[in-house]
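Chain by chain, the residues:
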Amino acid sequence: MTATTPAPQAEPEVRKAPPPPDSGARPGTARRSLLRALPVSPAVVLLLLFLAGPIVYCVVIAFTDLQLTGQAEESFVGFDNFTRAFRDEAFLNAVWLTLVFTVLSSLIGQNTLGLALASLMQRASKPVRTLTGGIVVTAWVLPEVVAGFLLYAFFRREGTLNAVLDWLHLPSQNWLFTLPILAVSFANVWRGTAFSMLVYSAALNEIPKEVTEAAEVDGASGWRRMWYVTLPMIRRSIGTNLMLNTLQTLSVFGLIWVMTRGGPSGKSQTLPLFMYEQAFQNSLIGYGTAVALLLLLIGSLFSVVYLRLLRTEV
């Protein structure tokens, strides 16, 4: 009989001891983090000093009865300025006109016209693109006060628009008196469309030509290609453009002030003009600052809506 060789026994498993708990960050790591933060520290200090500081101060005085004249010292009034605003018919009228001005000039006017110009310039020749882009961008780079005077001269009773209407034997009117909010909305569209045009031109250039050519081969018309192909592919650019245009339009002051000063009888007085009137003409700094915070809240609500739309995937 053959002897059986015993199988070699497995060596016992040696377990490694767990690493000791980290007693804290290494001195070298903390030092490196500090050195990395040093280059941006001046910018952080400037932001805290000139941005965060005034914002905090405005929040504080919005809860006081601070005035420019006729007052020895201010006192804390809580939410009285905010409740006063919602009971003020002039404030509610300014909120309504601000929404009308924003929807007409930003959401509809600048956004739609900018997309239309960008789409047309995609198919136009180079001289036409250069001429159109130059005209539109020139209106955008003009100072707000200069643009306001130009549009005032266009819409006034003896202005360019009525001269053209008289030449065409059409009825004319004093546009700055009868339809002031429409006049300032058109002025803001004329001045700010260039930004939307540039945003959409860049977005349209990123769309692969193969996609649009395939849709064209499948028999899709121009409107169908725009609705089912182009708009979904530039959705994020649309959301970004709407958010930036809305925030800029909510803060428009100089253009309306030069054209109408909020009149007549408050028919074109948006929230920035109402805030200026209360704070600097009526000397109610606390009340005017509370209105400014409410305007900031409205802009924040628009931003939240746009950001939620941007999160949704195509």
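Criteria and cut-off values
Residues numbered from 1 in each chain as written. Predicted model: local features only at pLDDT ≥ 70, side-chain atom pairs only at ≥ 80, totals over all residues. Heavy atoms only, no water. Helix = DSSP H or I, 4+ residues; strand = E, 2+ residues; numbered from the N terminus. Buried < 20%, exposed > 50% of the residue type's maximum accessible area, 1.4 Å probe, protein only. Contact = heavy atoms within 4.5 Å. Areas by Shrake-Rupley, 256 points an atom, 1.4 Å probe, with all protein chains shown as cover. 1 Å grid on protein atoms, 1.4 Å probe; cavity = no way out; pocket = protein on both sides within 12 Å on 5 of 7 lines; lining within 4 Å. Points joined across faces, edges and corners; volume = space filled by probe spheres on them. Nonpolar A, V, L, I, M, F, W, Y, C, P; charged D, E, K, R; others polar. Phe/Tyr/Trp six-rings, centres within 6.5 Å; stacked < 30°, edge-to-face > 60°. Lys NZ or Arg CZ within 6 Å of the ring centre and 35° of its normal. Patch = residues over 30% accessible without salt bridge, like charges linked within 9 Å, V, L, I, M, F, W, Y side chains within 5 Å. Salt bridge = Lys/Arg side-chain N within 4 Å of Asp/Glu carboxyl O. Core = buried A, V, L, I, M, F, W, Y, C linked by side-chain atoms within 4.5 Å.

1. Some remarks on the overall build of the chain
Broken down by element type, the chain carries 15 helices and zero strands. Going through the 314 residues of the chain one by one, you find that 36% of them count as buried. At a minimum sequence separation of 6, the contacts of the chain that also span at least 24 residues come to 71%. Total accessible area on the chain stands at roughly 20,500 Å², and carbon and sulfur atoms take up 66% of it.

2. So, the layout of surface pockets
Approximately 850 Å³ is the volume found for the largest pocket. Lining the largest pocket are 25 residues, with Ser119, Arg123, Leu204, Met226 and Thr230 sitting closest to its centre. Taken together, the elements giving at least two residues each to the lining of the largest pocket come down to α4 (89–123), α9 (180–205), α10 (209–217) and α11 (222–233). The leading source of residues in the lining of the largest pocket is α4, at eight residues. Of the residues that constitute the lining of the largest pocket, the class distribution is twelve nonpolar, eight polar and five charged.

3. Side note on the packing of aromatic side chains
Scanning the entire structure with this criterion turns up 16 aromatic pairs. Aromatic pair tryptophan 257 and tyrosine 276: ring centres 5.3 Å apart, planes at 70 degrees, arrangement edge-to-face. Remark: tyrosine 276 occurs in helix α14 (residues 271–281) and tryptophan 257 occurs in helix α13 (residues 254–259); sequence separation between them is 19 residues. With a relative accessible area of 29%, tyrosine 276 lands in the partly exposed category. Between tyrosine 276 and phenylalanine 280 the ring centres are 5.5 Å apart and the planes differ by 40 degrees, which places this aromatic pair in the tilted class. Placement of the pair is tyrosine 276 and phenylalanine 280 together in helix α14, with a separation of four residues, close to one helical turn. The ring centre of phenylalanine 177 lies 5.8 Å from the NZ or CZ of lysine 267, which sits over that ring.

4. Looking at a nonpolar patch on the surface
Together, Val103, Leu104, Ile108, Leu179 and Leu182 line one region of the surface with nonpolar side chains, adding up to about 360 Å² of accessible area. The element contributing the most residues to the nonpolar patch is α4, with three residues. Since its relative accessible area comes to 33%, valine 103 is described here as partly exposed.

5. Notes on the nonpolar core
Judged by nonpolar contacts, the single largest core of 32 residues is most densely connected at Phe82, Phe91, Ile234, Leu271 and Tyr287. Contributing elements (two or more residues each) for this core: α3 (80–87), α4, α9, α11, α12 (235–250), α14 and α15 (285–311). A total of nine residues in this core trace back to one element, the largest contributor, which is α15. Excluding residues that lie within four positions of it along the chain, phenylalanine 91 makes contacts with Ala85, Phe86, Leu271, Phe274, Tyr287, Val291 and Leu294. Core analysis: the second largest hydrophobic core is formed by 19 residues, Ala147, Leu151, Ala187 and Val252 among them.

6. Some points on the side chain of threonine 98
Structurally, the position occupied by threonine 98 is in helix α4. The class of threonine 98 is buried, set by a relative accessible area of 3%. Apart from residues lying up to four places away in sequence, threonine 98 is in contact with Leu250, Thr270 and Leu271.

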